[in-house]
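Structural features, examined
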Amino acid sequence: MRVGCIGAGYVGLVTSALMAQKGHEVLCIEKDIRKISLLRQARVPFFEPGLEDILRETLRNGQLQFSTDIAALGEFSPKAVFICVGTPSSEDGGADTRMVMEVVDQLAGTLEAQTVVVLKSTVPLGTYRRVDLQLKAKARVPLYVANNPEFLREGSAVYDFLYPDRIVIGYEDERARGVLEELYAPFFEASGATLWMDPASAELIKYASNAFLALKISFVNLMGDLAAKTGGDIWKVAQGVGMDKRIGPHFLSPGLGYGGSCLPKDTRALISTLESLGLDQGLFRSVERINASRIDLALEVLKGALGGPLEGAALGVWGAAFKARTDDIREAPSLRLIQALLDSGTKVKVYDPKAMDNLKGLFGRKIEYAKDAYDAASDVDALALATEWPEFLEVSFDRVKGLMRQPVIIDCRSHLRGLQLESKGFYYATLHGPAMPPAPISAGSLL
Ligand code: UDX
């Protein structure tokens, strides 16, 4: 069937390309001319593993087309249109839905009767209702709304779209459900489950999911602080806690905390909503506070390693992206670490395998941009690892040691724990004390 998509960002482009790959005819609308010209050359304007091949394939076979003009959807007459535009944080922490509502107004005057407008952007609770009322007020024809939140992780978004744990769809009209069933038919088999429900529940699942992930991360970081004070090994603690099937091992990696364009924004939006409804925000304000405190902890560990103030020291930083397998630096903890180091009077040299261009736009000449991991290590008093890129496991640490003024590595993501760097003559520390890799688990212990 014919499908429209508004927005060709991390969510919109993945949605468009995979809907097209599964046989739908897709018209993706993107207002950024620069992005559109790249996309039409089958080039993805950001790093997302596997996406460029799918884009090339679906452009070549004509299943996917791009336009800068929403009006083109009129002629294209899709049965469903995804809204995948940004909903950034506004001043009060709530999600800013102006872009969504602008698109809704344009769609109201463009779409044919009974088209389904599918909200995939992460939208504040109650947005479905607002959109439904707006369409009823502005459209000359009856249009449907559905809420279909995305659960895509940057760096594995293609996999997550093809093999979702669940597809969540909030709707009210059975005809809208019929269109969504046709739309997702090619995905049901590989999906964990499809949950059809009321829109309010579908909206809340998204916030509750991301806020819970943020909670897990701050939980393990707080337990890490406790373990470091009491002589415990947080990696053994996390391993032991994570083996409880009710808890699970994922999102229990202590380190520099969470960043990205989703967890911070969605947690803030949830706090804002809780506050506006007079509900307790304490739990998630603590999640934010613990997350923010990781930078001060990293500075303390660095000062301990250097035996004094950071003023005048030269620091190498490995990693800028908010996590590995992405070039996205939005709200990356590494940025707050870099800024804190600059504020402490250190010279900073940064290397990231994918995010250097994005970084240059942010820090300009305030930092040095290393050409590789070794360059970032040369002539520095210490190295801080901020992003868990696999590349950093492969470097020659003998060579790194020879390049550094002194062999000091602070591993803020506990990424190098298994390399036994102490035995290579490094002062090695994580944010939660010297780390020993957990002992291998004997099969018997799992029975
Ligand atoms: C997240 C959600 O996972 C995804 O379902 C949602 O659709 C969008 O937001 P993403 O922002 O791409 O995805 O990143 P994610 O993989 O969730 O990691 C978020 C942050 O948490 C990263 O900065 C990561 O380094 C950090 N993290 C993750 C930890 O600090 N510890 C962990 O154990 C896991």
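Residues numbered from 1 in each chain as written. Predicted model: local features only at pLDDT ≥ 70, side-chain atom pairs only at ≥ 80, totals over all residues. Heavy atoms only, no water.

1. With respect to the sheet that holds strand β11 (residues 368–369)
The strand order across the open sheet formed by 6 strands is β11-β10-β9-β12-β13-β14, and the pairing between neighbours is parallel. Looking at strand neighbours, the two that pair on one side only are β11 and β14 (427–430), the edges of this open sheet. Pairing geometry for strand β10 (residues 347–351) and β11, over 2 bridges, is parallel. In the strand pairing of β11, Val350 is matched with Tyr369. (Pairing = 2+ DSSP bridges. Helix = DSSP H or I, 4+ residues; strand = E, 2+ residues; numbered from the N terminus.)

2. Observations regarding unusual backbone geometry
Look at Phe251: it is not a glycine, yet its phi comes out positive at around 60°. Within the secondary structure layout, Phe251 lies in the loop between α10 (234–242) and α11 (263–276). Its identity is not glycine, yet Ser414 carries a phi of approximately 50°, on the positive side. Within the secondary structure, Ser414 is located in the loop between β13 (408–411) and β14. Under the relative-accessibility criterion, Ser414 is labelled buried at 10%. (Buried < 20%, exposed > 50% of the residue type's maximum accessible area, 1.4 Å probe, protein only.)

3. Description of the nonpolar core
As a rule of thumb, soluble globular proteins bury nonpolar side chains together. Grouped together as the largest cluster of nonpolar side chains are 60 residues, with contacts concentrated most on Trp318, Leu337 and Val400. Each residue touching Leu337, except ones within four places of it in the same chain, is listed here: Leu256, Ile295, Ala298, Leu299, Ala384, Ala386 and Cys412. Core analysis: the second largest hydrophobic core is formed by 44 residues, Met1, Ala80, Val158 and Ala176 among them. (Core = buried A, V, L, I, M, F, W, Y, C linked by side-chain atoms within 4.5 Å. Contact = heavy atoms within 4.5 Å.)

4. Here we look at helix α14 (residues 356–363)
One full turn of an α-helix is made of 3.6 residues, so residues set three or four places apart face in the same direction. Every buried residue of α14 is listed here: Met356, Leu359 and Phe363. End-on view of α14: buried residues confined to an arc of 55°, all on one side of the axis. Exposed residues pointing more than 90 degrees away from the buried face of α14 are listed as Asp357 and Gly361. In the core, the buried residues of α14 are packed alongside α13 (333–343), β10 and β11. (Arc of directions from axis to C-beta.)

5. Quick look at the site of the ligand
As a matter of local geometry, the ligand sits amid 20 residues, with Glu154, Lys206, Ser253, Phe322 and Lys323 nearest to it. Between Arg413 and the ligand, the recorded distance is 3.2 Å, taken from a side-chain N or O atom to an oxygen atom. Contact with the protein chains hides 92% of the accessible area of the ligand, taken as 660 Å² for the molecule alone. For the shell around the ligand, the leading source of residues is helix α9 (residues 199–230), giving 4 residues. Across the shell around the ligand, the residue classes tally to 10 nonpolar, 4 polar and 6 charged. In terms of domain composition, the shell around the ligand takes at least three residues from each of domain 1 (2–197) and domain 2 (231–430). (Near = heavy atom within 4 Å. Polar contact = N/O pair within 3.5 Å; in protein donor to acceptor, adjacent residues only side chain to side chain. Areas by Shrake-Rupley, 256 points an atom, 1.4 Å probe, with all protein chains shown as cover. Nonpolar A, V, L, I, M, F, W, Y, C, P; charged D, E, K, R; others polar. Domains from an automatic or database assignment.)

6. Structural notes on the side chain of Thr326
Along the chain, Thr326 turns up in the loop between β9 (314–318) and α13. Residue Thr326 is classed as buried on the basis of its relative accessible area of 0%. When neighbours within four sequence positions are excluded, Thr326 is seen to be in contact with Tyr10, Phe47, Glu154, Ala321, Lys354 and Trp389.

7. What about the pattern of salt bridges?
Evaluated as defined, the whole model comprises 24 salt bridges. One salt bridge in this structure joins Asp173 and Arg175, with 3.1 Å as the shortest N-O distance. Residue classification places Asp173 among the partly exposed positions, given a relative accessible area of 23%. The residue Asp225 makes a salt bridge to Arg294 at a minimum N-O spacing of 2.7 Å. In this pair, Asp225 is assigned in helix α9 and Arg294 in helix α12 (residues 282–306), connecting sequence segments 69 residues apart. (Salt bridge = Lys/Arg side-chain N within 4 Å of Asp/Glu carboxyl O.)

8. A look at the domain arrangement of the protein
Taken domain by domain, the protein comprises domain 1 (2–197) and domain 2 (231–430). Of note, the centres of domain 1 and domain 2, computed from C-alpha atoms alone, are 33 Å apart. Taken together, the contact between domain 1 and domain 2 spans 18 residues of the former and 17 residues of the latter. A combined buried area of about 1300 Å² lies between domain 1 and domain 2, and 49% of that area is made up of carbon and sulfur atoms. Three residues, Phe47, Ser89 and Glu154, lead the burial of domain 1 against domain 2; their summed loss comes to 40% of the area buried on that side. (Buried area = accessible area lost by both parts, 1.4 Å probe.)

9. So, the packing of helix α1 (residues 10–21) against helix α3 (residues 51–60)
Across the interface, α1 lies against α3 with an axial gap of 9 Å and an inter-helix angle of 50°. Classified by the interaxial angle, the pair formed by α1 and α3 is oblique. Handedness of the crossing formed by α1 with α3: left-handed. Only Leu51, Ile54, Leu55, Glu57 and Thr58 of α3 make contact with α1, whose side of the interface consists of Leu13, Val14, Ala17, Leu18, Ala20 and Gln21. Residues belonging to the contact of α1 with α3 are distributed by class as follows: 8 nonpolar, 2 polar and 1 charged. (Axes fitted to C-alpha atoms, helices over the stretch in contact; angles between N-to-C directions. Parallel < 35°, antiparallel > 145°, perpendicular 65-115°, else oblique. Left-handed = near helix turned anticlockwise from the far one by under 90°.)

10. Some thoughts on the packing of aromatic side chains
Scanning the model with the defined rule gives 9 aromatic pairs in all. The lysine or arginine in question, Arg166, covers the ring of Phe151, its NZ or CZ lying 3.6 Å from the ring centre. Positioned over the ring face of Tyr374 is Arg399, at 3.7 Å from the centre of the ring. (Phe/Tyr/Trp six-rings, centres within 6.5 Å; stacked < 30°, edge-to-face > 60°. Lys NZ or Arg CZ within 6 Å of the ring centre and 35° of its normal.)

11. What to know about the pairing of strand β12 (residues 382–385)
Every second residue of β12 is oriented toward a common face, with Ala382 and Ala384 on one face and Leu383 and Leu385 on the other, all of them buried. Taken together, the 4 bridges between β9 and β12 define a ladder with parallel strand orientation. Residue pairing in the sheet places Trp318 in a bridge with Leu385 of β12. Sheet analysis places β12 next to β13, joined by 3 bridges and oriented parallel. Of the residues in β13, the one forming a bridge with Leu383 is Ile409.

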